[in-house]
Amino acid sequence: MNLHFKFKSPTKNNLLVFDEVTHLKLYDSILKNFSYEILPIRKKQLCFGIKIWIYFFLNLKYLSWEFIFSKSFGYKYVFEQLFVIYVIAWVKCVNPKLVITFIDNSWYFQRIDKILKDITFFTVQNGMRSKVSLTSELQKPPYPGSSIFISNYFSFGMNEKILFKNYGHTILNHYPTGSVLLSYFLKNFKVKHKKNIFKFLLISQWDKNIMLGTLYPEIKKSMIKLNILLAKYLERKKFNINILLRTNSQNEKDFYKDYFKNNLKFIYPNIKKKTSYHTIYKSEIIFTLDSTLGLEAYGCDK
């Protein structure tokens with residue numbers, strides 16, 4: 001467990017950023033002109049301030065008692081249930097007017113959004129959501145994250161509103177703003193290449209857990225099928241392919257080399273330089289599989 005210690009309670013602020021990834025991804029487009037506190041989720045931070053522990057004990061009433069006393073509850077869930085209470089205590093210490101996240105599939109955030117009704121919560125859509133995201137990917141009731149609750153959702157479009165409603169989830173206020181990151185790119189970055197430079201682009205969906213077979217085995221099978229078919233076509237037509245990497249790891253590169261041999265060129269993503277968005281604008285034909293960037297490319301008429 002990635003755990004760090006801090007010997008004081010969180011500081012008050014009107015704006016609380018939920019999760020370090022939210023800070024990283026939304027800093028340029030939204031956060032840079034504001035003062036804010038960050039609630040770390042990836043690198044869990046344990047505070048030893050008196051105030052936060054008072055709030056912790058006062059809010060134990062928000063434990064998911066129905067789930068705790070159910071047959072499906074086990075020791076593996078103890079920490080996460082207590083961590084939700086700790087997150088509530090953290091939020092109450094900061095006492096923000098607004099809490100914002102870019103992690104729209106975090107049940108921690110959805111839980112505190114539902115509980116703390118006197119605070120405004122903004123959820124900005126991060127990735128593509130599908131039937132799987134709203135059904136089989138979620139645990140069964142009475143697990144507290146089995147049903148999605150979002151009070152204010154800034155989504156890619158109307159599709160999310162329909163999709164969430166069809167599968168019994170709750171969005172109180174829906175704002176179809178489009179992709180925040182893509183919008184920021186289009187507004188602030190001049191597209192350097194109006195003509196296509198790359199004939200073919202493959203957006204990588206390589207993921208360590210997917211490759212190990214512990215997550216979305218159907219995606220791994222589809223990736224392999226797509227690679228085989230693409231490799232045959234490229235070899236016959238004597239074309240190369242450009243692959244926009246996801247992780248930059250050697251394992252990811254070796255995975256694609258097994259199929260495309262030397263008929264490929266890797267493109268390395270850079271968040272600050274917006275490499276991914278520049279690349280899709282340079283590309284004529286884009287191959288994508290369950291990729292948010294692929295959906296954004298389609299929205300750019302690629």
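Nothing here was measured: the structure is a model prediction, and the numbers come from that model.

Trainee: Which residues make up the packing of helix H10 (residues 217-237) against helix H11 (residues 250-260), and what values go with them?
Mentor: A pair of packed helices is captured by two measures, namely the crossing angle of their axes and the spacing between those axes. Two elements in contact, H10 and H11, have axes separated by 9 Å at closest approach and are oriented at 45 degrees. Comparing their axes, H11 and H10 come out oblique. For the pair H10 and H11, the contacting residues are Met223, Ile224, Asn227, Ile228, Leu230, Ala231 and Leu234 in the first and Phe255, Tyr256, Tyr259 and Phe260 in the second.

Trainee: Could you give me a rundown of H10, with the residues and numbers involved?
Mentor: For H10, built from 21 residues, the straight-helix expectation of 30 Å at 1.5 Å per residue is met to within 8% by its first-to-last C-alpha distance of 31 Å. Looking only at H10, the buried set comprises Ile219, Met223, Asn227, Leu230, Ala231 and Leu234. The buried residues of H10 occupy an angular sector of 105 degrees when the element is viewed end-on, so they sit on one face. Exposed side chains of H10 directed beyond 90 degrees from the buried face belong to Lys221, Lys225, Leu229 and Arg236. Looking at the residues trailing H10, positive phi occurs at lysine 238, about 65 degrees.

Trainee: Describe the side chain of aspartate 113, naming the residues involved and giving the relevant values.
Mentor: Secondary-structure assignment places aspartate 113 in helix H5 (residues 107-115). Here aspartate 113 sits buried without a salt bridge, and the closest side chain of opposite charge, lysine 117, lies 7.9 Å off (N-O distance). Residue contacts for aspartate 113: discarding those within four places in its chain leaves Phe121, Thr123, Phe149, Ile150 and Ser151.

Trainee: Tell me about the sheet that holds strand E3 (residues 37-39), and please be specific about residues and values.
Mentor: Judged by pairing direction, the sheet is parallel, and its 6 strands sit side by side in the order E3-E2-E5-E6-E7-E8 without closing on themselves. One side of each edge strand has no neighbouring strand; the edge strands of this open sheet are E3 and strand E8 (170-176). Neighbouring strand axes in the sheet, compared pairwise and without regard to direction, differ in orientation by 25 degrees on average. Relative to E8, strand E7 (residues 149-155) runs parallel, the two being bridged by 6 bridges. Its bridge partner lying in E8, serine 155 is registered against proline 176.

Trainee: Kindly report on unusual backbone geometry, identifying the contributing residues and their values.
Mentor: Outside of glycine, negative phi angles account for most residues, and trans bonds account for most peptide bonds. The omega angle of the peptide bond from proline 141 to proline 142 is 10 degrees, so this bond is cis rather than trans. If you trace the backbone, proline 142 turns up in the loop between helix H6 (131-134) and E7. Unusually for a residue other than glycine, lysine 274 sits at a positive phi of about 55 degrees. For lysine 274, the location among the structural elements is in the loop between strand E11 (264-267) and helix H12 (275-282). The phi dihedral of aspartate 290 is positive, around 55 degrees, even though this residue is not glycine. Tracing the backbone shows aspartate 290 in the loop between strand E12 (283-287) and helix H13 (292-299).

Trainee: Describe the side chain of asparagine 227, listing the residues and the values that go with them.
Mentor: Note on placement: asparagine 227 falls in helix H10. Aside from chain neighbours lying at most four places away, what touches asparagine 227 is Leu202, Phe255, Tyr256, Tyr259 and Phe260.

Trainee: Mind laying out the environment of leucine 58, listing which residues take part and the relevant values?
Mentor: Along the chain, leucine 58 turns up in helix H2 (residues 50-58). Through-space distance from the C-alpha of leucine 58 to that of isoleucine 68 is 18 Å; in sequence the pair is 10 residues apart.

Trainee: Now, about the packing of aromatic side chains: what can you tell me, with residues and values included?
Mentor: For the structure shown, the criterion picks out 31 aromatic pairs. The interplanar angle of 15 degrees and the centroid separation of 5.8 Å between the aromatic rings of phenylalanine 79 and phenylalanine 83 together place this pair among those described as stacked. Of this pair, phenylalanine 79 and phenylalanine 83 both sit in helix H4 (residues 78-94), separated by 4 residues, roughly a single helical turn. The class of phenylalanine 83 is buried, set by a relative accessible area of 5%. Geometrically, the ring pair formed by phenylalanine 185 and tyrosine 281 is tilted, given 6.1 Å between the ring centres and 40 degrees between the ring planes. Here the residue phenylalanine 185 occupies a position in helix H8 (residues 180-188), and tyrosine 281 occupies one in helix H12, the gap between them amounting to 96 residues. On the basis of relative accessibility, which here comes to 19%, the residue tyrosine 281 falls in the buried class.

Parameters and conventions
- Residues numbered from 1 in each chain as written.
- Predicted model: local features only at pLDDT ≥ 70, side-chain atom pairs only at ≥ 80, totals over all residues.
- Heavy atoms only, no water.
- Axes fitted to C-alpha atoms, helices over the stretch in contact; angles between N-to-C directions.
- Helix = DSSP H or I, 4+ residues; strand = E, 2+ residues; numbered from the N terminus.
- Parallel < 35°, antiparallel > 145°, perpendicular 65-115°, else oblique.
- Contact = heavy atoms within 4.5 Å.
- Expected span 1.5 Å × (residues − 1).
- Buried < 20%, exposed > 50% of the residue type's maximum accessible area, 1.4 Å probe, protein only.
- Arc of directions from axis to C-beta.
- Lys, Arg positive; Asp, Glu negative; His and termini not counted.
- Salt bridge = Lys/Arg side-chain N within 4 Å of Asp/Glu carboxyl O.
- Pairing = 2+ DSSP bridges.
- Phe/Tyr/Trp six-rings, centres within 6.5 Å; stacked < 30°, edge-to-face > 60°.

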